[in-house]
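Observations on chain architecture
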Amino acid sequence: AQKITQTQPGMFVQEKEAVTLDCTYDTSDPSYGLFWYKQPSSGEMIFLIYQGSYDQQNATEGRYSLNFQKARKSANLVISASQLGDSAMYFCAMRNTPSTAGNKLTFGGGTRVLVKP
Amino acid sequence: DTAVSQTPKYLVTQMGNDKSIKCEQNLGHDTMYWYKQDSKKFLKIMFSYNNKELIINETVPNRFSPKSPDKAHLNLHINSLELGDSAVYFCASGTTDTQYFGPGTRLTVL
């Protein structure tokens, strides 16, 4: 069975500093994908970044980058130059091989980030 | 130009009632989903449809019945609502490397 673990329930970060959110996963599928989402207090789920298991380069999207370490089964999200608007809940998610499970996402428990001015 | 939309945003109803949530996407995706987020913020897949065909049903009670009239729409009908059905329900659509969520429907069963 697939499992996603986010060990940090909550964290504070100083504005303008970088923050790393941990995510480890467990799967026996050779092909999978890893996603990160942001959920602000308003409740919507905002897609941030995607990393495929066969991608050679770590994914980046603006201030977001994914530190993908396949052998360690980790996919940590790095947010650079934190802004007050980054305060939110962040979810790591994984999809397995589409032929076995569609593209359904399995989510971690989330990490709440609070950016301090 | 909304990508994934859901109505209503809030739904408050009594136990035993039947209610529906509608979802539409204009992204041209073949696959749509329903997820449930509980009070502890945990998100779990409920259903997945590909081109109007059910491909995932994650042991959801049969009081929940999804319907996809076309690949741009995936509605969720819930019969005989129970207190435990109170949650936020998200519709999503996507591909292997993207999945976009609707704004969510907060269902409160009294």
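Let us look at the structure shown here.

What counts as what
Residues numbered from 1 in each chain as written. Chains lettered and ligands numbered in written order. Predicted model: local features only at pLDDT ≥ 70, side-chain atom pairs only at ≥ 80, totals over all residues. Heavy atoms only, no water. Helix = DSSP H or I, 4+ residues; strand = E, 2+ residues; numbered from the N terminus. Buried < 20%, exposed > 50% of the residue type's maximum accessible area, 1.4 Å probe, protein only. Contact = heavy atoms within 4.5 Å. Areas by Shrake-Rupley, 256 points an atom, 1.4 Å probe, with all protein chains shown as cover. Pairing = 2+ DSSP bridges. Core = buried A, V, L, I, M, F, W, Y, C linked by side-chain atoms within 4.5 Å.

**Structural notes on the overall build of chain A**
- Counting secondary structure elements, chain A contains one helix and twelve strands.
- Reading chain A from its N terminus to its C terminus gives the helix and strand order β-β-β-β-β-β-β-β-β-β-α-β-β.
- Counting only C-alpha atoms and orienting by the principal axes, one finds that chain A spans roughly 45 × 30 × 20 Å.
- With 117 residues in all, chain A has 53% of them scored as buried.
- In chain A, 55% of the contacts between residues at least 6 apart in sequence involve partners at least 24 apart.
- Total accessible area on chain A stands at roughly 5400 Å², and carbon and sulfur atoms take up 50% of it.

**Structural notes on the pairing of strand 7 (residues 64-70) of chain B**
Residue and element names in this part refer to chain B.
- Strand direction decides the pairing type here: strand 7 and strand 8 (residues 73-78), joined by five bridges, are antiparallel. If you follow Phe64 over to strand 8, its bridge partner there is Ile78.
- What sits between the antiparallel neighbours strand 7 and strand 8 is a turn of two residues.

**Points about the nonpolar core**
- Leu21, Tyr25, Leu34, Trp36, Ile49, Leu77 and Tyr90 of chain A are the most contacted members of the largest nonpolar core, which totals 25 residues.
- Where this core is concerned, the elements lending two or more residues are strand 2 (10-14), strand 3 (19-21), strand 5 (33-39), strand 6 (46-52), strand 8 (64-69), strand 9 (74-79), strand 10 (88-95) and strand 12 (111-116) of chain A.
- The leading source of residues in this core is strand 10 of chain A, at four residues.
- In this structure, Leu11, Cys23, Phe47 and Ile78 of chain B belong to the second largest nonpolar core, which totals 20 residues.

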